[in-house]
Amino acid sequence: MTINAHTFISLLNLNNRVYFSSYAALFIFSSLIFFPVLLHLIIILYHSSYLKDYGLENLTTATQVQFQIKQSLTIQADDENTLCSKEDFKRLREFIDKYHYIGDVGRIQDGKMLCSVKQGILERPLELPSPDIISKEGTLFWNNQNKKDINDNTSPFFGRGNTVAFISSLYMKDFELYSHTSTSHFGGILYSSNENFVYKVFGDISLNTINHAKDLPDSILNYLPIPNRFIKRTFCDGITDTCILVINRKLGLYRLGYPALISLAILNLLIGALIVVLYGHYRSGPKLFIRQLKQAIKKDKITPEYQPKLQLFDKKIIGVEALARWHDPRLGQVPPDLFITSAEELGLINELSRKFILKVLGELHDQLENDSSFSVSINLSSEILTEPNFHLFLRDALEPYNINVNQIILEITERTSSNNKSMSESSKHLSEEGYLISLDDFGTGFSNLEWLSTLEPYELKVDKMFTQSIEANTIQNYSLLGILKMIEYLDVVVVFEGIETEEQYQLFREKAPTAIGQGWYFYRSMPIEKLLAILEKSHSEKMKAA
Ligand SMILES: Nc1nc2c(ncn2[C@@H]2O[C@H](COP(=O)(O)O[C@H]3[C@@H](O)[C@H](n4cnc5c(=O)[nH]c(N)nc54)O[C@@H]3COP(=O)(O)O)[C@@H](O)[C@H]2O)c(=O)[nH]1
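Just so you know, the residues in each chain are numbered from 1, in the order the chain's sequence is written. Only residues with pLDDT of at least 70 are given local features in this predicted model, and only at 80 or more are side-chain atom pairs given and counted; all residues enter the totals for whole chains, interfaces and linings. Computation of side-chain values: all heavy atoms of the structure, hydrogens and water removed.

In the nomenclature of an unreviewed UniProt entry, the protein is known as cyclic-guanylate-specific phosphodiesterase of Marinomonas mediterranea. UniProt positions are given in the numbering used here, feature names are shortened, and annotations may be inferred rather than shown by experiment. Per its UniProt entry, the protein bears the Catalytic activity (unreviewed entry) comment "3',3'-c-di-GMP + H2O = 5'-phosphoguanylyl(3'->5')guanosine + H(+)". In its Subcellular location (unreviewed entry) section, the UniProt entry covering the protein states "Cell membrane".

Right, here's the structure in full:
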């Protein structure tokens, strides 16, 4: 389905009416809401998967450390006298060599460290502080943060019986490494799930924040750009009962610094503007119009208005012309020229016209039934006129009503000369069935003298271009004089359309008193309710006068 250049240009003009507010709303939505939120969620998803790796790596390392510590603490000296002996050192050293996360192993007695592989036999046994935690199994744990006097580093250490084992600084380095790779907003806590004690807090995160994150229920809200929200993940190792809770303290866009945020804001504005431009392009194209026209036809949104036709000599309304109207909430009042032409080009005119005719008959049947001299003129495109079953459709449409076929005037305008033959055959057929054929827009385009002779119409409507030319000294004016002369000899009802002024009315009344007039001088097109009120009023005035 295509639309020709002329219709397309009309569509462009029509769509200029699309409200500015819809563009503004789209711009605000895409620049300030959609893309920032999308980006935020993408960064969160990326960080969420990173958080998982981060947690699992740290937990795996911690589990290995746990295992190596446990193993080291099994090196108990059975005989207290052999503590720190040559043999004892040999055994202890074997463990250090075997387990790379064990930095040092030594011996303790009565809360004092006597010796260690790295430090040898201490001159004066070192008094150990009270342990930070004592597990149910009797394992002592010293966090040893900032207590370099115990060892040459701040590594935590464990003790059981007469053995003490220090975690190597290598592990601490690994831990710090994991904690600080790529982002400083990750961190967590390593803890024993059964004993409920903390081995280590790591990363760029305070214990307060961790406790807050721990208590935060799992919710989708955690993923939204709301301050004080975290994404967190917890992993536990079933064998050592060690768990790790890792959190990302700054989510998505909150992660970015000002320069990145400013660049992003500019990018978003540009994307928003691009979307608005694309949307505008889409809106101004014919696609939307075609969709809306199809919908309008399907949903019976194309409705009739009626413009009265009057006898010139006494201004009596003898009938009406039904004119299609389409008011679209977005496009506004769409000109019939535009949607009728489009419907013709898109092959929708049959459906449109059939529904329109049914509507007209539904609205006007009382008037037509009550006054058999009253007629309704219906505009027909050549497509529907030449449609083989059109006469059957008309018959069915009139079937429920008591309306004479000669109350139906079929106005024919031809915009091309390609199907003259079939048009004249169809109109002949319809006029044989009793319908009245009117030759519309006489004098213009293809509605000319040739048609007058081929169609043998009941009525001839002189185009408003001639009607309105009376004051001007133009070619149309001379043509009008010719038309006026010609109709004196024709056995045809003449309608002057487009009468707008008193002068025009007076001239046609004088020159062609038996003719019919139609135009804004008398009435514009109107909805059925208004028409019925006018008809009712003129009827009662006539009754009064009689
Ligand atoms: N196939 C169909 N064509 C239809 C149908 N409904 C309308 N049309 C055709 O669309 C063209 C434009 O129609 P519209 O904008 O409704 O204009 C009509 C009148 O409003 C207008 N008119 C009437 N009086 C005056 C006037 O004094 N001055 C002035 N400037 N314009 C006036 O003229 C149009 C009616 O013309 P016509 O049909 O030639 O009698 C038009 O071509 C319609 O035919 C439809 O359902 N099907």
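Peer 1: Help me out: how do you make sense of the packing of aromatic side chains in this one?
Peer 2: Each aromatic ring pair is summarised here by two numbers: the centre-to-centre distance and the angle between the ring planes. Aromatic rings from Phe, Tyr and Trp, with only the six-membered ring used for Trp, were paired whenever their centres fell within 6.5 Å, and each pair was classed as stacked if the ring planes differed by under 30 degrees, edge-to-face if by over 60, and tilted otherwise. Scanning the model with the defined rule gives 15 aromatic pairs in all. A centroid spacing of 6.2 Å and a plane angle of 20° characterise the contact between Tyr50 and Tyr54, whose relative ring orientation is stacked. Pair noted here: Tyr50 and Tyr54 are both in helix H2 (residues 20-72), with a separation of 4 residues, about one helical turn. Each residue's exposure class comes from its accessible area (1.4 Å probe, protein chains only) as a fraction of the maximum for that residue type: buried when under 20%, exposed when over 50%, partly exposed otherwise. The exposure class of Tyr50 is buried, given its relative accessible area of 18%. Judged by centre distance (4.8 Å) and plane angle (45°), the rings of Phe141 and Phe158 are tilted. The helix count covers DSSP runs of H or I at least four residues long, the strand count covers runs of E at least two residues long, and both are numbered beginning at the N terminus.

Peer 1: I'm lost on the site of the ligand in this one. Help?
Peer 2: What makes a residue near a molecule or strand is one non-hydrogen atom of that residue sitting within 4 Å of it. Residues in close proximity to the ligand total 23 residues, the closest being Glu321, Arg325, Asp441, Glu497 and Glu500. Residues adjacent in sequence count toward polar contacts only when both atoms are side-chain atoms; beyond that, a polar contact is any pair of N or O atoms within 3.5 Å, and within protein one must be able to donate a hydrogen and the other to accept it. Taking Arg325, its side chain carries an N or O atom lying 2.8 Å from an oxygen atom of the ligand. Note that an oxygen atom of the ligand is positioned 2.7 Å from one of the side-chain N or O atoms of Asp441. Across the complex, the protein chains shield 87% of the 820 Å² of accessible surface that the ligand would expose by itself. Of all the secondary structure elements, the ones that give two or more residues to the shell around the ligand are strand S13 (317-328), helix H8 (336-345) and strand S17 (436-442). Per element, the largest residue contribution to the shell around the ligand is 4 residues, and it comes from S13. Methods summary: accessible areas were calculated by the Shrake-Rupley approach with a probe of 1.4 Å, and residue burial reflects only the protein chains presented.

Peer 1: How do you make sense of helix H12 (residues 420-432) when you look at a structure like this?
Peer 2: In an α-helix, one full turn covers 3.6 residues, which means residues spaced three or four apart are oriented alike. Spanning 13 residues, H12 covers 18 Å between terminal C-alpha atoms, matching the ideal 18 Å at 1.5 Å per step. Along H12, the positions that sit buried rather than exposed are Asn420, Met423, Ser424, Ser426, Ser427 and Leu430. One side of H12 carries all its buried residues, which in axial view fall inside an arc of 165°. Every exposed residue of H12 that faces more than 90 degrees away from the buried side is listed here: Lys421 and Glu432. Of the surrounding elements, those touching the buried residues of H12 are helix H10 (382-385), helix H11 (390-398), strand S16 (408-412), S17 and helix H13 (449-455). Of the residues one or two after H12, Gly434 is the one with positive phi, at around 115°. Between the first and last residue of a helix there are one fewer steps than residues, each counted as 1.5 Å, and that sum is the expected span. Our arc is simply the arc of the directions from the helix axis toward the C-beta atoms. What makes two residues a contact is simply this: any of their non-hydrogen atoms within 4.5 Å.

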